[in-house]
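Secondary and tertiary structure notes
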Amino acid sequence: MSKTRRVLLAVHPRFHPDRTRSCSTETDVLFALKKLGHAVRIVAMEENFKLLERELSLFNPHIVFNLMEEFRSEAIYDFHLVSFLEALGVPYTGCNPRGLIISRNKLWVSHLAGSLGLNVPQGGLHAQTGNLSKIKKTACFVKFNREHASLGIDRRNRVTSKKELSLVVSRLQSLMKAEILVQEFIEGAEISVSVWGNRKARSLPPWQLHLQDPQSFATQRVKFSAKYRHKRGIRASEFRGVESERLRNEAVRLFEFIDLSGYARFDFRLTSEGTPFLIDVNPNPNLSRSEDFAGSARRQGFEYTDLIAEILRLGFNYKPKR
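Residues numbered from 1 in each chain as written. Predicted model: local features only at pLDDT ≥ 70, side-chain atom pairs only at ≥ 80, totals over all residues. Heavy atoms only, no water.

**Some words on the packing of helix α4 (residues 97–104) against helix α5 (residues 106–115)**
What describes two packed helices is the angle between their axes and the distance between those same axes. Test applied: Whenever a helix is involved, its axis is fitted only over the stretch in contact; in every case the axis is a line through C-alpha atoms, and angles between N-to-C directions fall within 0 to 180 degrees. Strands are runs of DSSP state E lasting at least two residues, helices are runs of H or I lasting at least four, and both sets are numbered from the N terminus onward. Roughly parallel means an angle under 35 degrees; roughly antiparallel means over 145; roughly perpendicular covers 65 to 115; every other angle is labelled oblique. What makes two residues a contact is simply this: any of their non-hydrogen atoms within 4.5 Å. Note that Gly is not counted as nonpolar here; it falls among the polar residues with everything else outside the nonpolar set of Ala, Val, Leu, Ile, Met, Phe, Trp, Tyr, Cys and Pro and the charged set of Asp, Glu, Lys and Arg.
Axis separation between α4 and α5 bottoms out at 5 Å; the angle between their running directions is 95 degrees. What the angle tells us is that α4 and α5 run roughly perpendicular. Where α4 abuts α5, its residues I101, I102, S103 and R104 lie against K106, W108, V109 and L112. The residue inventory of the contact of α4 with α5, partitioned by class, reads five nonpolar, one polar and two charged.

Printed below as a string of structure tokens:
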């Protein structure tokens, strides 16, 4: 896309690249857009769309590059921004509102993936299961049903007794009054598959997070602290196992089936027998240069500016399904 475009970069105020250093994604995207020759303005909003409406009127952007992961301090409201833009006919990057709503509910995604024949962990909402008795495996994993970004996840989220389950549920509920999902814990390697596209999706090379053992998993600290990862020798690299093609195919099928668009990351656990289990779906994953999506795209031949250019192209070409 060589033509200069007016791009409105939508960010949360606490991640404004001109006001804080703790926003590598926003800074990386901003620099890439400028390197591509686009005219860029930033809109930082949190509580309402007044600032956005003003920028849409004054700047008249060709497209909005959406980096908002929440609205009104609620992650479950992330779809409102793109719903608003879609209603106005303004192009935007990333996932559409319907895909965001569906993927936000991990239990829904698990049921939908299972209907396609993908392996998924057994389990259900804590309010419905109440304990471990309905789950066959000896270990379970406990997490919020509608939250992304590993909120509330540390090593204690893997439980093997009713007492441990009760403690984790109490801790999560102290963070947020929200649905809690209890699923069997799948031992194995942690593999992610990045996918992008609109009606027809394409996958990027699978990426493996190298953890200590098959019982380890990515905690909130692992995902967001480079210092912590470095200290413990945790790294990520391309996964080249024989299951690679199967993982890519399953991710693409589910991307298209649940009406995603733009770009997304699919998280799997791969057992020692080579059986993949879908764990989570993340539309609009982290676009930092150092994160999995950019690393996987690089292995496919997309340097960082190429990646951002492709995401813009997908945003311009997206049309809602009818």
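**Here we look at the pairing of strand β1 (residues 6–11)**
What counts, and what does not: Each residue's exposure class comes from its accessible area (1.4 Å probe, protein chains only) as a fraction of the maximum for that residue type: buried when under 20%, exposed when over 50%, partly exposed otherwise. Any two strands are treated as partners once DSSP identifies two or more bridges connecting them.
Most of β1 sits out of view: five of its six residues are buried. Note that β1 and strand β2 (residues 39–44) share six bridges and pair parallel. Each bridged residue has a counterpart across the sheet, and for V11 the counterpart in β2 is A44. The pairing of β1 with strand β3 (residues 63–66) spans four bridges and is parallel. Along β3, the bridge assignment pairs L8 with V64.

**Here we look at the nonpolar core**
Burial of nonpolar side chains together is a common tendency in soluble globular proteins. Worth spelling out the cut-off: To form a nonpolar core, buried Ala, Val, Leu, Ile, Met, Phe, Trp, Tyr and Cys residues must be joined to one another through side-chain atoms within 4.5 Å.
Counting residues in hydrophobic clusters, the biggest one holds 41 residues, and the most contacted among them are L52, L254 and F266. Counting residues per element, the ones that place at least two in this core are β1, α2 (50–58), α3 (79–88), α5, β8 (189–197), α10 (244–257), β12 (262–270) and β13 (276–283). Those residues in contact with L254, other than ones at most four positions away along the chain, are V109, A113, L116, L118, F266, L278 and V281.

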